[in-house]
Amino acid sequence: MKRTILLSIGILFLLSVNAFPQAQGKPEFYRNQIGVQFNPLINDWLLNSGSRMIQTVAAIRYGYRITKNFTTGTEFDCGFPIFINCGDQYHIFNYFSYGINLFTRYSVLTEKRFQIFAEVSPYFSHYYKEVWISGDPNPYRSDKFGCYAAPGVTLYSKNRRVSFDLYSEFDFTGHTRLSYKVNYNF
């Protein structure tokens with residue numbers, strides 16, 4: 001009797017294995033995203049013809065798409081100057097900043113290659129500046145928590161593996177910056 005029950009359970013198990021197959025085709029949308037950013041800040045320092053410094057931002061990001069419209073994730077960014085064509089008289093200060101962000105993004109027109117999005121990101125940032133000419137040997141340090149909102153647009157490649165984000169960050173402290181990012185979706 002035990003053999004018959006075990007044999008029946010085994011046969012039912014083998015018959016039900018193919019009843020719930022997983023889809024093997026192209027996914028409806030890619031859930032994971034890795035993004036990189038390296039761009040100059042478009043601000044007064046860059047646009048001033050007498051300036052000898054370009055402020056830059058670099059970042060790496062991981063995002064997980066929960067639904068077609070919602071993506072959430074984390075980002076690590078840093079900022080630093082690039083001095084160009086300058087002698088010692090222009091080296092007034094040197095700085096480095098880094099930040100850790102969490103973000104949530106809502107996208108519309110998700111079936112299209114061109115999408116519009118809005119993103120909200122709380123962050124923690126650390127800022128370190130050395131002042132060279134003022135005579136003060138103590139560096140300036142600052143830690144802060146903040147939040148920014150970023151409306152923007154995304155352009156996807158034909159196979160949707162690569163995307164390009166162009167957006168404007170509005171920090172709730174009053175700072176604004178234009179940024180772009182290249183993403184790989186998988």
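Above this text sits the structure in question.
Every chain is numbered on its own, with residues counted from 1 as its sequence reads. A pLDDT threshold of at least 70 governs which residues receive local features in this predicted model, and a stricter bar of 80 or more applies before side-chain atom pairs are shown or counted, although totals over entire chains, interfaces and linings include all residues. Side-chain metrics rest on all non-hydrogen atoms present in the structure, leaving aside hydrogens and water.

Within the protein chain, the secondary structure is distributed over 2 helices and 8 strands. The secondary structure listing takes helices from DSSP runs of H or I that are at least 4 residues long and strands from runs of E that are at least 2 residues long, numbered from the N terminus. Reading the secondary structure of the protein chain in the N-to-C direction produces α-β-α-β-β-β-β-β-β-β. Relative accessibility decides the category of a residue: with a 1.4 Å probe and only protein chains considered, values under 20% of the type maximum give buried, values over 50% give exposed, and everything between is partly exposed. Out of the 186 residues in the protein chain, the part that is buried amounts to 31%. Any pair of residues with heavy atoms lying within 4.5 Å of one another is described as a contacting pair. For the protein chain, contacts bridging at least 24 residues in sequence account for 54% of all contacts bridging at least 6. All accessible areas in this document rest on Shrake-Rupley with a 1.4 Å probe, and a residue is counted as covered only by the protein chains that are shown. Summing over all exposed atoms, the protein chain offers an accessible surface of approximately 12,300 Å²; the carbon and sulfur share of this is 65%.

Now for the layout of surface pockets. In this analysis, the protein atoms alone were mapped onto a 1 Å grid. Cavities are point sets where a 1.4 Å probe fits without being able to get out; pockets are open sets with protein on both sides within 12 Å along at least five of seven lines; lining residues have an atom within 4 Å of a point. Grid points are joined across faces, edges and corners, and a volume is the space filled by probe spheres set on the points. Approximately 270 Å³ is the volume found for the second largest pocket. For the second largest pocket, the lining is made up of 20 residues, of which Phe29, Tyr30, Arg65, Tyr156 and Arg160 are closest to its centre. At the level of elements, β1 (32-40), β2 (53-65) and β4 (93-108) are the ones that each hand at least two residues to the lining of the second largest pocket. Here the nonpolar group is Ala, Val, Leu, Ile, Met, Phe, Trp, Tyr, Cys and Pro; Asp, Glu, Lys and Arg are the charged ones; every other residue, Gly included, is treated as polar. Residues of the lining of the second largest pocket, tallied by class, amount to 4 nonpolar, 8 polar and 8 charged.

Looking now at the packing of aromatic side chains. Two descriptors summarise a pair of aromatic rings, namely the distance from one centre to the other and the angle between the planes of the rings. Ring pairs are drawn from Phe, Tyr and Trp, using the six-membered ring of Trp, whenever the two centres fall within 6.5 Å, and their geometry is named by plane angle: stacked under 30 degrees, edge-to-face over 60, tilted for the rest. Evaluated as defined, the whole model comprises 9 aromatic pairs. Relative to Phe80, the ring of Phe38 lies with its centre 6.3 Å away and its plane at 35°, an arrangement referred to as tilted. Separated by 42 residues along the polypeptide, Phe38 in strand β1 and Phe80 in strand β3 (residues 70-83) bring together distant segments of the chain. With centroids separated by 5.1 Å and ring planes inclined at 55°, the aromatic side chains of Phe124 and Phe145 adopt a geometry described as tilted. Of this pair, Phe124 sits in strand β5 (residues 114-131) while Phe145 sits in strand β6 (residues 140-156), and the two are 21 residues apart along the sequence. By relative accessible area, Phe124 is classed as partly exposed at 25%. Over the ring of Phe103 we find Arg61; its NZ or CZ atom is 3.8 Å from the centre of that ring. Here, a charge over a ring is recorded when the distance from Lys NZ or Arg CZ to the ring centre is within 6 Å and its angle to the ring normal is within 35 degrees.

By nonpolar core is meant a set of buried Ala, Val, Leu, Ile, Met, Phe, Trp, Tyr and Cys residues that side-chain atoms within 4.5 Å join together. Membership of the largest hydrophobic core is limited to 5 residues, which are Phe117, Tyr123, Tyr148, Ala150 and Tyr167. In contact with Tyr167, other than residues within four places in its own chain, are Gln37, Phe117, Ala150, Pro151, Gly152, Arg177, Leu178, Ser179, Tyr180 and Lys181.

The subject of this paragraph is unusual backbone geometry. A positive phi is found at Leu109, a non-glycine position, where the angle reads about 60°. With respect to the helices and strands, Leu109 occurs in the loop between β4 and β5. A positive phi angle, close to 65°, is found at Arg160, a residue other than glycine. The residue Arg160 is located in the loop between β6 and β7 (162-171) in this model.

Right, let's get into the environment of Pro151. Structurally, Pro151 is set in strand β6. You can call Pro151 partly exposed: its relative accessible area is 40%. Setting aside its immediate chain neighbours within four residues, Pro151 contacts Phe117, Ala118, Tyr167, Ser168 and Phe170.

Relative to the helices and strands, Asn39 is located in strand β1. Polar contacts, as counted here, are pairs of nitrogen or oxygen atoms within 3.5 Å of one another; within protein the pair requires one atom able to donate a hydrogen and one able to accept it, and residues that are adjacent in sequence qualify only if both atoms are side-chain atoms. Looking at Asn39, its side chain comes within polar contact range of the side chain of Gln37, at 2.9 Å. If we skip the residues at most four places from it in the chain, Asn39 touches Gln55, Thr56, Val57, Leu178, Ser179 and Tyr180.

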